[in-house]
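Next come the chains, spelled out residue by residue.
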Amino acid sequence: EKPAELLEECHRILRNSGFMFITTGNTSSWTVRWRRQKWDYFDLKLGHISFFNPLSMRILARNTGFEVVKIETRSVSLRDKESASWTVYRVAKIAAEALSLPARLLNRGHDMFVVLKKAV
């Protein structure tokens, strides 16, 4: 609910130079641009009520005493299997696979993996 408070508590209990790993969705992803409100991370039933991108994650880390070691994003999702015909889904899947490497290189992937280090 309150990401800054959570990270502050993690900072407090981590040893000096300890690491923290976070996975979350990336609001700067091409998936969000394509799927908009149908992006699965926007489904509040899944428990996500705070949303991040690489920049906001860097700001949150800095404000809570962490340094960012790495932020990487991966994968693109253009269609749900349930919401499209088999043919449309397969074409979207192939397009998403083709976009995965550029999305990762440009931090536009759907999922974000963050490594933080407790600043000493």
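Each remark here, short or long, concerns the structure printed above.
For clarity, every value in this text was computed on a predicted model and none was experimentally measured.

1. Points about the environment of Val115
1) Next: Topologically, Val115 is positioned in strand E3 (residues 111-118).
2) Next: With a relative accessible area of 8%, Val115 lands in the buried category.
3) Next: Each residue touching Val115, except ones within four places of it in the same chain, is listed here: Phe19, Met20, Phe21, Glu67, Val68, Val69 and Lys70.

2. Comments concerning the nonpolar core
1) Next: Grouped together as the largest cluster of nonpolar side chains are 13 residues, with contacts concentrated most on Leu7, Met20, Ile22, Met57, Phe66, Val114 and Leu116.
2) Next: If you list the elements that add at least two residues to this core, you get helix H1 (3-13), strand E1 (19-25), helix H3 (54-63), strand E2 (66-74) and E3.
3) Next: Leave out the neighbours within four places in its chain, and Phe66 touches Leu7, Cys10, His11, Leu14, Met20, Ala61, Leu116, Lys117, Lys118 and Ala119.
4) Next: Core analysis: the next-biggest nonpolar cluster, separate from the first, contains five residues, Val76, Leu78, Ala92 and Ala96 among them.

3. Here we look at the sheet that holds E2
1) Next: Spatial strand order, E1-E3-E2: three strands in an open sheet with antiparallel pairing. At either margin of the open sheet sits one strand with a lone partner, and together these are E1 and E2. Taking the axes of each pair of neighbouring strands and ignoring which way they run, one obtains an average angle of 20° across the sheet.
2) Next: Here E1 pairs with E3 via seven bridges, running antiparallel. Directly across from Phe19, in E3, lies its bridge partner Lys117.

4. Topic: the side chain of Lys118
1) Next: Structurally, Lys118 can be placed in strand E3.
2) Next: One buried charged residue, Lys118, remains without a salt bridge, the closest side chain of opposite sign being Glu9 at 10 Å.
3) Next: One polar contact links the side chain of Lys118 to the main-chain carbonyl oxygen of Leu14, over a distance of 2.7 Å.
4) Next: The residues contacting Lys118, other than those within four sequence positions of it, are His11, Arg12, Leu14, Arg15, Asn16, Ser17, Gly18, Gly65 and Phe66.

5. Points about the layout of surface pockets
1) Next: Taken as a whole, the second largest pocket spans an internal volume of roughly 180 Å³.
2) Next: Contributing to the lining of the second largest pocket are Trp34, Arg35, Gln37, Lys38, Leu78, Arg79, Asp80 and Ser83.
3) Next: Considered class by class, the residues forming the lining of the second largest pocket number two nonpolar, two polar and four charged.

What counts and how
Residue indices begin from 1 for each chain and proceed along its sequence in written order. Local features in a predicted model are, by the rule used here, given only for residues with pLDDT of at least 70; side-chain atom pairs are given and counted only at 80 or more, and totals for whole chains, interfaces and linings are based on all residues. Where side-chain values are given, they derive from all heavy atoms of the structure, hydrogens and water being excluded. Runs of H or I in DSSP of at least four residues are treated as helices and runs of E of at least two as strands, each being numbered from the N terminus. Relative accessibility thresholds used throughout: buried, under 20% of the residue-type maximum; exposed, over 50%; partly exposed, between the two (1.4 Å probe, protein chains only). Here a residue-residue contact requires only that any non-hydrogen atoms of the pair lie within 4.5 Å. Joining through side-chain atoms within 4.5 Å is the link that ties buried Ala, Val, Leu, Ile, Met, Phe, Trp, Tyr and Cys residues into a set, and such a set is a nonpolar core. Strands are labelled as partners when DSSP assigns at least two bridges between them. Comment: axis = line fitted to C-alpha atoms, over the contacting stretch for helices; angle = value between 0 and 180 degrees taken between N-to-C directions. In this tally, Asp and Glu contribute negative charge and Lys and Arg positive charge; neither His nor the terminal groups of the chain are included. Each salt bridge in this description consists of a side-chain nitrogen of Lys or Arg and a carboxyl oxygen of Asp or Glu lying within 4 Å of one another. The definition of a polar contact used here is a pair of N or O atoms within 3.5 Å, where within protein one atom must be able to donate a hydrogen and the other to accept one, and adjacent residues in sequence count solely through side-chain atom pairs. A pocket here means an open set of points on a 1 Å grid, computed over the protein atoms alone, that has protein on both sides within 12 Å along at least five of seven lines. A cavity is instead a set of points where a 1.4 Å probe fits but cannot get out; residues with an atom within 4 Å of a point line either one. Grid points are joined across faces, edges and corners, and a volume is the space filled by probe spheres set on the points. In this classification, the charged set is Asp, Glu, Lys and Arg, the nonpolar set is Ala, Val, Leu, Ile, Met, Phe, Trp, Tyr, Cys and Pro, and all remaining amino acids, among them Gly, are polar.

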